[in-house]
Amino acid sequence: MSDSLVEVELMGVTLLGPANSPTVLLRYEERILFISIGPFEAAAIGWGMEGEKPIRPMTHDLIINLLAGLNCTLKSVNIYALQQSTFFAYLLVEQRDSSGQLVGVIRVDSRPSDGIALAVRAKCPINVAESVMEEAGQDVSAIRFGDRSEEGEDGSEEDDLEENDSEEDDRS
């Protein structure tokens, strides 16, 4: 049985819960999917969203450069499953020969956080299986967005965002 994929909007990365866990927010229509990620992946996604270019390539930049050197293009990042509170994703990569003819399509296993960090650099779609969005997505109306201008303990601006259910994880 094939599960349909829907293209989601990357809303950003925020810190959630008492532990300030980095969490990526993906939106499709009136549902938001929360995925807990590691701090390094959160930084990589943030830098990619802001278009920041480091002096030397970071890991996700290196992968994009490697793909380009192999005549490959990242076509999409697909979050296709949720099992035991862990999200699963894959990269869909196209390879072309020197004349531009399609040689093959490669499916590469990936953590969602790494895939999203690559997607923001490659400017490709992020897709989520409808069943995953149905199971783990939260209705926008059930989420309380707080005052975005509050300062956190470290003096940085903090988004006060709460969700009703616990967030899932991709750090396994």
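Residues numbered from 1 in each chain as written. Predicted model: local features only at pLDDT ≥ 70, side-chain atom pairs only at ≥ 80, totals over all residues. Heavy atoms only, no water.

Asks: Just checking my understanding: could you explain the overall build of the chain for this structure?
Replies: Counting secondary structure elements, the chain contains four helices and 11 strands. Considering only contacts in the chain between residues 6 or more positions apart, those separated by 24 or more positions represent 57%. (Helix = DSSP H or I, 4+ residues; strand = E, 2+ residues; numbered from the N terminus. Contact = heavy atoms within 4.5 Å.)

Asks: Sorry if this is basic, but what is going on with the nonpolar core here?
Replies: Soluble globular proteins: nonpolar side chains tend toward being buried together. The biggest cluster of nonpolar side chains holds 32 residues, and the ones touching the most others in it are Leu26, Leu33 and Ile79. Residue contacts for leucine 26: discarding those within four places in its chain leaves Val8, Glu9, Leu10, Arg31, Ile32, Leu33, Ile35, Ile79, Ile116, Ile126, Val128 and Met133. In this structure, Leu25, Ile32, Phe34 and Ile143 belong to the second largest nonpolar core, which totals six residues. (Core = buried A, V, L, I, M, F, W, Y, C linked by side-chain atoms within 4.5 Å. Buried < 20%, exposed > 50% of the residue type's maximum accessible area, 1.4 Å probe, protein only.)

Asks: Explain helix H3 (residues 112-122) to me, please; I cannot follow it from the model alone.
Replies: Note: α-helices contain 3.6 residues per turn, so residues at a spacing of three or four share the same orientation. In terms of residue burial, H3 counts as a mostly covered element, since 10 of its 11 residues are buried. Within H3, the full set of buried residues consists of Pro112, Ser113, Asp114, Gly115, Ile116, Ala117, Leu118, Ala119, Val120 and Arg121. Of the residues trailing H3, lysine 123 is marked for its positive phi of about 55°.

Asks: What is the right way to look at the packing of aromatic side chains in this model?
Replies: How two aromatic rings sit relative to each other is given by the distance of their centres and the angle of their planes. Following the criterion strictly, the structure yields one aromatic pair and no others. Between tyrosine 80 and tyrosine 90, the ring centres sit 5.5 Å apart and the planes meet at 50°, which makes this aromatic pair tilted. A residue pair is termed long-range when its members are at least 10 positions apart, and tyrosine 80 in strand S4 (residues 72-83) and tyrosine 90 in strand S5 (residues 86-96) qualify at 10 residues. Since its relative accessible area comes to 13%, tyrosine 90 is described here as buried. The ring of tyrosine 80 is capped by arginine 107, whose NZ or CZ atom sits 5.0 Å from the centre of that ring. Lying across the ring of tyrosine 90, arginine 107 places its NZ or CZ 3.8 Å from the centre. (Phe/Tyr/Trp six-rings, centres within 6.5 Å; stacked < 30°, edge-to-face > 60°. Lys NZ or Arg CZ within 6 Å of the ring centre and 35° of its normal.)

Asks: How should the environment of asparagine 78 be read in this particular structure?
Replies: Its location among the elements puts asparagine 78 in strand S4. Owing to a relative accessible area of 2%, asparagine 78 belongs among the buried residues under this scheme. For asparagine 78 and alanine 89, which are 11 residues apart along the polypeptide, the C-alpha to C-alpha distance reads 5.3 Å. When residues no more than four places from it in sequence are discounted, the contact partners of asparagine 78 are Leu5, Phe88, Ala89, Tyr90, Leu92 and Asn127. Only 2.8 Å separates the side chain of asparagine 78 from the side chain of asparagine 127, close enough to count as a polar contact. (Polar contact = N/O pair within 3.5 Å; in protein donor to acceptor, adjacent residues only side chain to side chain.)

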